Amino acid sequence: MTTTLDFTHDSGARSWVESANAAGTDFPLQNLPFAVFRPPHGTSKQFRGGVAIGDQVLDLAGLAATALLQGDAQKAAAAAAGTTLNGLCAQGPAAWRALRQALFALLRSDASAAQQAAMRVLLSPQALAEYTLPTRIGNYTDFYTSIHHARNTGRVMRGDTGVDLVSPNFRSMPIAYHGRASSVIISGQSVRRPKGQRLPPGDSAPVFGPTRRLDYELELGVLIGRGNALGEPIALADAEAQVFGIVLLNDWSARDIQAWEMAPLGPFLAKNFATSISPWVVTLAALAPYRQAWEPDAQAPPLLDYLDDAGVRARGALDIQLEAWLQPAGGEAQRLSQTSFRHQSWTVPQMIAHHTVGGCNLQPGDLLGTGTISGPEASEAGTMIEITHGGRQPLTLADGTQRGFLEDGDALMLRGWCERPGAARIGFGECRGVVLPAV
Ligand code: MN
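1. Things to note about the nonpolar core
By size, the foremost hydrophobic cluster in this structure holds 56 residues, and its most contacted members are Leu63 and Phe244. Those residues in contact with Leu63 that lie beyond four places of it in its chain are Leu58, Leu68, Leu69, Gln74, Leu103, Met119 and Leu122. If you look at the next biggest cluster of nonpolar residues, it comprises 50 residues, including Val243, Leu248, Leu326 and Leu362.

Okay, structure coming up:
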């Protein structure tokens, strides 16, 4: 259902909101992503749901109070009027599609003068809005699904020994760990350098202090729709209908803390101090023109049935272009890497099917991280530890300073977009965080 193209994917359609027609905008009429925002003025300063159009945000609480929508679209807008989108997540794909189609018609250039006038008063500039997390995140799980990232980090940790650095289970299932929902923060919030234990090279006892190896991980975040009851797995063929939408995600990581603590139970304090996400949730419907075929790694053993589906093989991958940028305090931003999510070894539906196959329940608004997204080329690495080979080959920035890992005052930005001939270019906006010194 969510893979179907309809009139909302017409790349020639234009909006009466002029900024939505600008070349290179992230938010044309064909995107319509959701956020939770607070407008800069007005009678109520309460957070509420909104939709991006050009450089404006449309107030869904205001829209739900008009008579412009009917039926499922009106119910969906009403569910997005409050301070979280969990209610909209829980309504499922038919409601999301009804709202998308109604918004598209109301914002298209041929909407009536009366409709345009009624909608215009619900718009305010995105740049002046304040954003918060789009959902109340009950649970957060982070995957590890890029074989290129696995190889690169294996090489840094263990050296290039010529043997396969990918763990033996990697090609059989999407590996993950349960993360921490309470420290997921919205783009724009700063990140305090964490303190913890690390084992200095050659030493036998750990020391305590601020991490010296603060890193980012370029990822996407998946927000869950209706979810499943405890004990009732989500079949792979049904998993896509569980995706409300996708955001940019930075899994901030302290590599020295991680190296010391990770065996035998996995990452803990190295990851639980902060995870940043971008405010705009791009729906799977908007991403429909950017689906691609997926196939297992050439060295993978036969896929187990619960991870194999003809639909996933035909169109399970998503060609989302991604970039990471670093801006030192007072300096200019420079690009660290560029890649695409199409290189990922496992698809989002496989992550959902695997997560629930033992009966674990997902709930509306839950967050899944895809794991670091690194492509096959060196210029496509999604972390500093890969780019600088564990700090041994530091980057030289435009201001002449060097970086093995992130320094205090550095801003780290993630950007994402989709583009191809015959489809409208759509974007994700930005996920930004500045590193604050440890206290
Ligand atoms: Mn991660």
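2. A closer look at the coordination of the manganese ion
Taken together, the protein donors to the manganese ion comprise Asp142 (OD), Glu217 (OE), Glu219 (OE) and Asp251 (OD), at separations of 2.1 to 2.2 Å. Taken in chain order, the donor set of the manganese ion reads D-x74-E-x1-E-x31-D. Highlighted residues: Glu217 in the loop between strand 12 (214–215) and strand 13 (218–224) and Asp251 in the loop between strand 14 (243–250) and strand 15 (253–254), separated in sequence by 34 residues. Side by side, Glu217 and Asp251 carry an identical accessibility label, which is buried.

3. Quick look at the sheet that holds strand 20 (residues 334–340)
Overall, mixed pairing links the 5 strands, which are arranged 9-25-24-19-20 in an open sheet. Unpaired on one side and paired on the other, strand 9 (191–192) and strand 20 mark the two borders of the sheet.

4. Quick look at the pattern of salt bridges
All chains considered together, the criterion is met by 19 salt bridges. Its salt-bridge partner being Arg291, residue Glu240 comes within 2.8 Å of it at the nearest N-O pair. Note that Glu240 is positioned in the loop between helix 7 (236–239) and strand 14 and Arg291 in strand 17 (residues 291–292), a separation of 51 residues in sequence. Note on Glu240: relative accessible area 16%, which makes it buried. By relative accessible area, which is 15% here, Arg291 ends up buried. Among the charged side chains, a salt-bridge network with shared partners connects Asp215, Glu217, Asp251, Arg255 and Lys271.

5. Some thoughts on the environment of Ala78
Secondary-structure assignment places Ala78 in helix 2 (residues 71–79). Looking at Ala78, the relative accessible area reads 42%, which means it is partly exposed. For the pair Ala78 and Val247, spaced 169 residues apart in the sequence, the C-alpha separation amounts to 22 Å.

6. Digging into the packing of aromatic side chains
Evaluation of the coordinates by the stated rule reveals 7 aromatic pairs. With a centroid separation of 5.7 Å and an interplanar angle of 75 degrees, the aromatic rings of Phe7 and Phe104 are classed as edge-to-face. One end of the pair, Phe7, is in the segment before strand 1 (34–38); the other, Phe104, is in helix 4 (residues 93–107), and 97 residues separate them in sequence. A relative accessible area of 39% means that Phe7 is categorised as partly exposed. According to the relative accessible area criterion, Phe104 is buried, its value standing at 1%. Taken together, Phe27, Tyr131 and Trp280 form an aromatic cluster joined through their ring pairs. Over the ring of Trp325 we find Arg415; its NZ or CZ atom is 4.7 Å from the centre of that ring. Seen from the ring of Tyr290, Arg420 lies directly overhead, with NZ or CZ sitting 6.0 Å from the centre.

7. Quick notes on helix 11 (residues 348–356)
Extensive coverage of helix 11 is indicated by the burial of 9 of its 9 residues. Taken together, the buried positions of helix 11 are occupied by Val348, Pro349, Gln350, Met351, Ile352, Ala353, His354, His355 and Thr356.

8. Concerning unusual backbone geometry
Each neighbour pair has its own omega, and for Ala263 with Pro264 the value is 5 degrees, a cis peptide bond. With respect to the element layout, Pro264 can be found in the loop between helix 8 (255–261) and strand 16 (275–277). Phi at Leu32 is positive, roughly 55 degrees, even though this residue is not glycine. Examined against the element boundaries, Leu32 turns out to sit in the segment before strand 1. Even without being glycine, His389 reaches a positive phi, approximately 50 degrees.

What counts, and where the lines are drawn
- Residues numbered from 1 in each chain as written.
- Predicted model: local features only at pLDDT ≥ 70, side-chain atom pairs only at ≥ 80, totals over all residues.
- Heavy atoms only, no water.
- Core = buried A, V, L, I, M, F, W, Y, C linked by side-chain atoms within 4.5 Å.
- Buried < 20%, exposed > 50% of the residue type's maximum accessible area, 1.4 Å probe, protein only.
- Contact = heavy atoms within 4.5 Å.
- Donors = N, O, S within 2.8 Å, 3.2 Å for Na, K, Ca; no water.
- Helix = DSSP H or I, 4+ residues; strand = E, 2+ residues; numbered from the N terminus.
- Pairing = 2+ DSSP bridges.
- Salt bridge = Lys/Arg side-chain N within 4 Å of Asp/Glu carboxyl O.
- Phe/Tyr/Trp six-rings, centres within 6.5 Å; stacked < 30°, edge-to-face > 60°.
- Lys NZ or Arg CZ within 6 Å of the ring centre and 35° of its normal.

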